Amino acid sequence: MRDYQRDLIEFALEHGVLRFGEFTLKSGRVSPYFFNTGLFDSGDALRRLGHAYACAALDAELQFDMLFGPAYKGIPLVAATAIGLAEVAGRDVPWAFNRKEEKDHGEGGHLVGAPLQGRVLVVDDVISAGTSVAESVALIEAAGARLAGVLVALDRQERGTGERSATQEVAASHGVPVTAIIDLDALTDYLRERGDPDGHLPAIERYRVRYGVR
């Protein structure tokens, strides 16, 4: 496990971003853990999260010209990632996001930030059904740019609509890499490293047997 992955898990635990218990997901599945990037709700938290996103992009050697964050959660994430890349790699990358509703005054339109062009890396929190990615791809291609990949905070490594995971489905559907800062393997490895003092691993492993993919 990379240092930035371990740091993110520990920071997420400290700030309640990563919690254990029983959580009903949008899919209806009852998960023994929940990861909410919306709780990275301070300047320092976003700085550290952006650093992790940047490190993951560099570690995976993703090739891209700019970043795109789908509204709404992707907006602070894409901004934090752009800052992280400037700090970690000295790379000044343009970024943009979309509005949910098209603006009919001022500059108008439904895109904000740098013009979508070249190879665009989508930055989001967690892929569930892949709907957000499909909407982003439509915007990117309508602008004459192309999808370069997807970067998320967490890959839950569980089945999507078929036997593959949601991230595997998105990668296969769009023919691009889907990279996560951490995945369920990293989370369980971390719990084993520290001895799982609160006994969360058995519930996670039962959930993985029922819904997971490797």
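Residues numbered from 1 in each chain as written. Predicted model: local features only at pLDDT ≥ 70, side-chain atom pairs only at ≥ 80, totals over all residues. Heavy atoms only, no water.

- The protein chain is annotated in an unreviewed UniProt entry as Orotate phosphoribosyltransferase from Sediminicurvatus halobius.
- Under Sequence similarities (unreviewed entry), UniProt gives the following word-for-word description of the protein chain: "Belongs to the purine/pyrimidine phosphoribosyltransferase family. PyrE subfamily." (UniProt positions renumbered as here; feature names shortened; annotations may be inferred.)

Quick notes on the UniProt feature "binding site: orotate" (unreviewed entry) in the protein chain
Line of reasoning, step 1. In the numbering used here, UniProt assigns the "binding site: orotate" (unreviewed entry) feature to Phe-34, Phe-35, Ser-128 and Arg-156. Taking the farthest pair of C-alpha atoms as the criterion, the annotated set spanning 123 residues converges on one region, since that pair is 12.9 Å apart.
Line of reasoning, step 2. Mapped onto the secondary structure, Phe-35 falls in strand β2 (residues 30–35).
Line of reasoning, step 3. Every residue in contact with Phe-35, bar those within four places of it in the chain, is listed here: Ala-12, Val-17, Leu-18, Phe-40, Ala-153, Leu-154 and Ile-182. (Helix = DSSP H or I, 4+ residues; strand = E, 2+ residues; numbered from the N terminus. Contact = heavy atoms within 4.5 Å.)

Observations regarding the packing of aromatic side chains
Line of reasoning, step 1. A complete count under the given rule lists 5 aromatic pairs for this structure.
Line of reasoning, step 2. Relative to Phe-34, the ring of Phe-23 has its centre 5.6 Å away and its plane inclined at 25°; by these criteria the two rings are stacked. Taken together, the residues span a long stretch of sequence, with Phe-23 in strand β1 (residues 18–24) and Phe-34 in strand β2 at a distance of 11 residues.
Line of reasoning, step 3. Judged by its relative accessible area of 17%, Phe-23 falls in the buried class. (Phe/Tyr/Trp six-rings, centres within 6.5 Å; stacked < 30°, edge-to-face > 60°. Buried < 20%, exposed > 50% of the residue type's maximum accessible area, 1.4 Å probe, protein only.)

A short note on the side chain of Gln-5
Line of reasoning, step 1. Mapped onto the elements of the fold, Gln-5 is located in helix α1 (residues 3–14).
Line of reasoning, step 2. Of the residues examined, Gln-5 reaches a relative accessible area of 15% and is grouped as buried.
Line of reasoning, step 3. Side-chain polar atoms of Gln-5 contact the backbone oxygen of Ile-181, separated by 2.8 Å.
Line of reasoning, step 4. Dropping the residues within four chain positions of it, Gln-5 is found in contact with Ile-181 and Ile-182. (Polar contact = N/O pair within 3.5 Å; in protein donor to acceptor, adjacent residues only side chain to side chain.)

Here's the deal with the nonpolar core
Line of reasoning, step 1. By size, the foremost hydrophobic cluster in this structure holds 42 residues, and its most contacted members are Phe-35, Phe-40, Phe-64, Leu-67 and Ile-181.
Line of reasoning, step 2. At 8 residues, the largest contribution of residues to this core is made by helix α2 (residues 43–59).
Line of reasoning, step 3. Residues within four places of Phe-40 in sequence aside, it is in contact with Leu-8, Phe-11, Ala-12, Val-17, Phe-35, Ala-45, Leu-46 and Leu-49.
Line of reasoning, step 4. Formed by 18 residues, the second largest nonpolar core is a distinct cluster that contains Phe-68, Leu-116, Val-120 and Val-122. (Core = buried A, V, L, I, M, F, W, Y, C linked by side-chain atoms within 4.5 Å.)

Describing the environment of Gly-74
Line of reasoning, step 1. Its place among the elements puts Gly-74 in helix α3 (residues 74–89).
Line of reasoning, step 2. The spatial distance from the C-alpha of Gly-74 to the C-alpha of Val-123 is 6.2 Å, given a sequence separation of 49 residues.
Line of reasoning, step 3. Excluding anything up to four places from it in sequence, Gly-74 contacts Gly-69, Val-123 and Asp-124.

Describing the environment of Thr-131
Line of reasoning, step 1. Looking at the element boundaries, Thr-131 is found in helix α4 (residues 131–142).
Line of reasoning, step 2. Note on Thr-131: relative accessible area 47%, which makes it partly exposed.
Line of reasoning, step 3. When the C-alpha atoms of Thr-131 and Val-170 are compared, they prove to be 9.4 Å apart, with 39 residues separating the residues in sequence.

A look at unusual backbone geometry
As a rule of thumb, non-glycine residues mostly have phi less than zero, and peptide bonds are mostly trans rather than cis.
Line of reasoning, step 1. Here the bond from Ala-71 into Tyr-72 is cis, since omega is 5°, no more than 30 degrees from zero.
Line of reasoning, step 2. Relative to the elements of secondary structure, Tyr-72 occurs in the loop between β3 (66–69) and α3.
Line of reasoning, step 3. Unusually for a residue other than glycine, Gln-157 sits at a positive phi of about 50°.
Line of reasoning, step 4. Mapping Gln-157 onto the fold places it in the loop between β7 (146–155) and α5 (166–174).
Line of reasoning, step 5. Residue Gln-157 is classed as buried on the basis of its relative accessible area, which comes to 8%.

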